[in-house]
Amino acid sequence: MHFRALATGIAAVAAAATAIAQNGRPMTIEDLLLAVRVTHPQVTADGKLLAYVRTTTDLKVGRRNGDIWVGPTSGASAPKLLAGGEKGESAPQFSADGRKLAFISTRGGAAQAFVMDVEGGEPRQITKLAAGVQPPLVFSPDGSKVAFVSDVPIEPEEQSPVKAHRLRRLMFRHWDEWRVGVRHHIFVADLDGGREPVDVTPGDFDSPPHFYEDGGIAFSPDGAEIAFVSNREGGDREAWTTNRDVWIVPAAGGQAKKLTATNTAADETPAFSPDGKFVAVRSQRRAGFEADRWYLDIYDRATASKRTLFETQDLSVLEFTYAPDGASIWFTAAEKGTHSLYVVPVTDGAPRLVAKGGAISAPRAGRGIVVYSKSSMTSPADIFALDVGGNGYTRQITRENATLAKEVAWPTPESATVAGAGGTPVQYWVLKPPGFDPSRKYPAVFLIHGGPQGAWDDAWSSRWNPALWAAQGWVIVAPNPRGSTGFGQTFVDEISQDWSGKVMVDLEAVFDTASRLPYVDGGRMAIAGASYGGYAVNWIIAHSDRFKAAVSHDGVFNLESMALTTEELWFSEWEFGGPAWSETARQNFAKASPHLHVSKIKTPTLVITNELDFRVPVDQGLQLFTALRRNGVPSEALVFPDEGHWVLQPLNSKRWHEVVFGWLNKNLGASHGPSQ
């Protein structure tokens, strides 16, 4: 269900930095919204040059804009703007020789592919597709072509004044977008513009699947073939199977062949070895379970044999990249509240921790160097470089939010553990408000993460940011109960078909322990969560009166109606034991659906739901709000017509925070008013 996309994180900062920051001012909503975003790092093959997207926000007009910056990985000089302006640029990609940079831009209207010299000059548009260009954007090894994604119509558009969606298959909508009569296809375009881009994945399939595009395209080293991801189970089955496979197709077009034919679970992010003899694939084992552990499988192109790089170390691979010599693979994985960088030999051996998070992501390898993004709870992402040879020296390349880092009185997150269900350790984070006085009693707010297979990690979040919540004058407690990632796959598995069981015992243990902290006012506590976290809020306030206020954002309320209105059916069928009409699912609905207990809710509750949320459809929140008002429970609802599962637009986000913090202050109180 990808509620894990809602996960945010927290981490300790250096003692000296903390001492300085505590003399600063409280973090504000504007600080969160205006923080510069650094994403999509890329490095040249020789390891000397870095490119990334630098996104800024204009709150006066409510718009974000991404530009592409480049700079030396050595840090000898500061990065500089290469491609920018009033229109957005994204998806930078270096040519193999490092002389050109391809990217996607809206400077001509619809998003199209452009290319320009790294030394500067004017970008040259290389596509003019009516449907525009979507990432990923990938250079061919010889630098003469680029591959990318674009939408193509599969069914003729009906000419009618009537506005209606005519549905003929499932997956007719996904996340926040209607997908009727259209498919994702991969195109290859010549940089010289000598011919029209070629559709190399024709047919009634998504290649790659919508919302699974990242890493979905890879050129072979000789440029003759393209590896891509596609679910070709056919028609409606795409809605309830996770069997995404890796396919190989000639770069000029032709018959595609399935590489991962023996695996019925998900296969993603193919990467050719530098010599082209092998393809590395991120792979799951259990069909239908999107939160299964991700392994690294290596396919031999000559023999079609497969082997797994490592199994005994319980790490789920998030992102990976081949080393330039092909002898090893760098990857990121979550472990106990961090996302760290590891390296594993391709021949044999165990993974080795190389750089500890924070939250490390997007590793990219060049000769003698690996660059990556790293953030923490108290610092937005910047780009770092690891010297692979010699002493393994790590240096920070970008410092986009240095002023913010100095001005704000950042909290110092503390990690603790309590015995949960069956005595299993449950980790949680505590963040204290600015100017914390241990002799005082503070209100406490418990934040419940989504997923349910997600976590509060040591990562910056631009949505649910615990540091900003702590700045309101509350003690923030963020637990990682059953279902949380990074604590072993068994810990993840133990929430499926048990949404109201062990996980609730885990949470209660955290509530009980935190409420007894000497600086927490146990009579002034609130609870807030989104997605599965919203479900947890709905369930808990129907079974407890301990909280003075609650916030339920896009929370599941009625499991039975949710099961047939969400779009990715594989989620509800795995989590509840089958299709909505199966006996197992019906038993789980009866056991764990909050709507069956809504008459017991007395807690003042703010309900947030969005009209473009097709993951937890808008009716879930509206059902909850209706029931609360019908029962006389103090409650309000906030409904965004132009947002999906997440509130992403700047002015909407500002309004979201103002309403949420205002609601909690009204019902809970704080040491000082909300930061504006």
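The paragraphs below set out a description of the structure included in this document. Per chain, the residues get numbers from 1 upward, laid out in the order the sequence is written. Given that the model is predicted, a residue must reach a pLDDT of at least 70 before its local features are reported, and side-chain atom pairs must reach 80 or more before they are shown or counted; all residues, however, enter totals for whole chains, interfaces and linings. Just so you know, side-chain values use all the structure's heavy atoms and leave hydrogens and water out.

**A word on the overall build of the protein chain**
(1) Moving on: A run of H or I in DSSP becomes a helix once it reaches four residues, and a run of E becomes a strand once it reaches two; helices and strands are each numbered from the N terminus. From N to C terminus, the protein chain includes 12 helices and 38 strands.
(2) Moving on: What the globule rule says is 2.2 Å times the number of residues to the power 0.38, and the radius of gyration is computed from C-alpha atoms. Over its C-alpha atoms the protein chain spans a radius of gyration of 25 Å, differing by no more than 12% from the 26 Å that the globule rule assigns to 676 residues.
(3) Moving on: Judged by the C-alpha coordinates and their principal axes, the protein chain covers about 70 × 60 × 55 Å.
(4) Moving on: Pairs of residues are marked as contacts when any of their non-hydrogen atoms sit within 4.5 Å. Sequence-distant contacts in the protein chain: of pairs separated by 6 or more residues, those separated by 24 or more amount to 59%.
(5) Moving on: In the form shown here, the protein chain has an accessible surface area of approximately 26,100 Å², with 52% of it arising from carbon and sulfur atoms.
(6) Moving on: Here the protein chain contributes 66 positively and 75 negatively charged side chains, and the mean placements of these two sets differ by 3 Å. Computed by Shrake-Rupley with a 1.4 Å probe, the accessible areas treat only the displayed protein chains as cover when residues are assessed. Charged residues are defined here as Lys and Arg on the positive side and Asp and Glu on the negative side; His and the ends of the chain fall outside this count. Working definition for charges: the position is that of NZ of Lys, CZ of Arg, CG of Asp or CD of Glu.

**With respect to the pattern of salt bridges**
(1) Moving on: Here, a salt bridge means any Lys or Arg side-chain nitrogen found within 4 Å of an Asp or Glu carboxyl oxygen. Counted under the stated rule, the structure contains 37 salt bridges.
(2) Moving on: Linking Arg-285 and Asp-297 is a salt bridge whose minimum nitrogen-to-oxygen distance equals 3.0 Å. Residue Arg-285 is found in the loop between β20 (278-283) and β21 (295-300), and its partner Asp-297 is found in strand β21; the two are separated by 12 residues along the sequence.
(3) Moving on: Using a relative accessible area of 30% as the deciding quantity, one classes Arg-285 as partly exposed.
(4) Moving on: As a salt-bridge pair, Asp-512 and Arg-546 come within 2.9 Å of each other at their nearest N and O atoms. Burial classes follow relative accessibility: with a 1.4 Å probe on protein chains only, a residue under 20% of its type's maximum area counts as buried, one over 50% as exposed, and anything between as partly exposed.

**Concerning the side chain of Thr-332**
(1) Moving on: The topology assignment puts Thr-332 in strand β24 (residues 328-335).
(2) Moving on: Setting aside chain neighbours within four positions, we find Thr-332 in contact with Ser-316, Val-317, Leu-318, Glu-319, Ser-340, Leu-341, Ile-360, Ser-361 and Pro-363.

**So, the sheet that holds strand β33 (residues 442-448)**
The pairing of strands in a sheet comes from backbone hydrogen bonds and takes either a parallel or an antiparallel form.
(1) Moving on: The criterion for strand pairing is that DSSP finds at least two bridges linking the strands in question. One open sheet accounts for eight strands, arranged β31-β32-β34-β33-β35-β36-β37-β38; its pairing is mixed. A single partner strand is all that each edge strand has here, and the edge strands are β31 (414-419) and β38 (635-640). Across this sheet, the average inter-strand angle for adjacent strands is 20°, counted without regard to direction.
(2) Moving on: Here strand β36 (residues 549-553) pairs with strand β37 (residues 605-610) via four bridges, running parallel. Interaxial angles span 0 to 180 degrees and are taken between N-to-C directions of axes, which are lines fitted to C-alpha atoms, for helices over the stretch in contact.

**Some details on the pairing of strand β17 (residues 245-250)**
(1) Moving on: Of all six residues that make up β17, five are buried, and the element is covered over most of its length.
(2) Moving on: As paired strands, strand β16 (residues 225-230) and β17 are joined by six bridges and run antiparallel to one another. Bridge pairing in β17 links Val-229 to Val-246.
(3) Moving on: Here β17 folds back onto strand β18 (residues 257-258), and the loop between the two strands holds six residues, one of which, Gly-253, carries a positive phi near 100°.

**Quick look at the sheet that holds strand β7 (residues 112-117)**
(1) Moving on: In space, the four strands of this open sheet follow the order β5-β6-β7-β8, with antiparallel pairing throughout. For this open sheet the edge positions go to β5 (89-94) and β8 (124-125), each flanked by a neighbour on one side alone.
(2) Moving on: Pairing of β7 with β8, which is carried by two bridges, proceeds in the antiparallel orientation. Of the residues in β8, the one forming a bridge with Phe-114 is Gln-125.

**Here we look at a nonpolar patch on the surface**
(1) Moving on: Judged by side-chain polarity, Leu-167, Trp-178 and Val-180 come together as a nonpolar surface patch covering roughly 230 Å² of accessible area.
(2) Moving on: With respect to the helices and strands, the residue Trp-178 is situated in strand β12 (residues 177-178). Patches in this entry comprise residues that are over 30% relatively accessible and not in a salt bridge; like charges within 9 Å are linked, as are nonpolar side chains (Val, Leu, Ile, Met, Phe, Trp, Tyr) within 5 Å.

**Describing helix α11 (residues 618-630)**
(1) Moving on: Taking 1.5 Å per residue, 13 residues should reach 18 Å; α11 reaches 18 Å between its end C-alpha atoms and fits that length.
(2) Moving on: Of all the positions in α11, only Gln-620, Gly-621, Leu-624, Ala-627 and Leu-628 are classed as buried. Projected onto a plane normal to the axis of α11, the buried residues spread over an arc of 130° and lie on a single side. When the buried face of α11 is taken as reference, the exposed residues oriented beyond 90 degrees from it are Thr-626 and Arg-630.
(3) Moving on: Looking at the buried side of α11, the elements it contacts are α7 (532-541), β36, α8 (559-563), β37 and β38.
(4) Moving on: Gly-632, located one to two residues past α11, shows a positive phi value of around 75°. Helix span, expected: 1.5 Å multiplied by one less than the number of residues in the helix. For this quantity, the arc is that covered by the directions from the helix axis to the C-beta atoms.

**Quick look at α7**
(1) Moving on: The element α7 is extensively covered by neighbouring structure, given that 10 of its 10 residues are classed as buried.
(2) Moving on: Among the residues of α7, those classed as buried are Tyr-532, Gly-533, Gly-534, Tyr-535, Ala-536, Val-537, Asn-538, Trp-539, Ile-540 and Ile-541.

**Let's talk about unusual backbone geometry**
(1) Moving on: Of note, the bond from Pro-135 into Pro-136 is cis; its omega dihedral lies within 30 degrees of zero at 5°.
(2) Moving on: The backbone phi angle of Ala-91 is positive, close to 50°, even though this residue is not glycine.
(3) Moving on: For Ala-91, the position within the fold is in strand β5.
(4) Moving on: Its identity is not glycine, yet Lys-336 carries a phi of approximately 50°, on the positive side.
(5) Moving on: For Lys-336, the position within the fold is in the loop between β24 and β25 (338-345).

**Focus: the environment of Gln-649**
(1) Moving on: When you line up the elements, Gln-649 lands in the loop between β38 and α12 (650-667).
(2) Moving on: Residues Gln-649 and Gly-62, 587 residues apart in the sequence, show an inter-C-alpha distance of 7.1 Å.
(3) Moving on: Beyond its immediate sequence surroundings of up to four residues, Gln-649 is in contact with Arg-64, Asp-642 and Glu-643.

**Describing the environment of Asp-458**
(1) Moving on: When you line up the elements, Asp-458 lands in the loop between β33 and α4 (466-470).
(2) Moving on: Here Asp-458 falls in the buried class, since its relative accessible area comes to 5%.
(3) Moving on: The spacing of Asp-458 and His-339 is 119 residues in sequence and 7.4 Å in space, taken between C-alpha atoms.
(4) Moving on: Polar contact is the term for a pair of N or O atoms within 3.5 Å; when the atoms are in protein, one must be able to donate a hydrogen and the other to accept it, and sequence-neighboring residues count only if both atoms are side-chain atoms. Polar side-chain contacts of Asp-458 include one of 2.6 Å to the backbone nitrogen of Gly-358.
(5) Moving on: In this structure the side chain of Asp-458 is engaged in a polar contact, spanning 3.3 Å, whose partner is the backbone nitrogen of Met-377.

Function-wise, these values are silent; they only describe arrangement.
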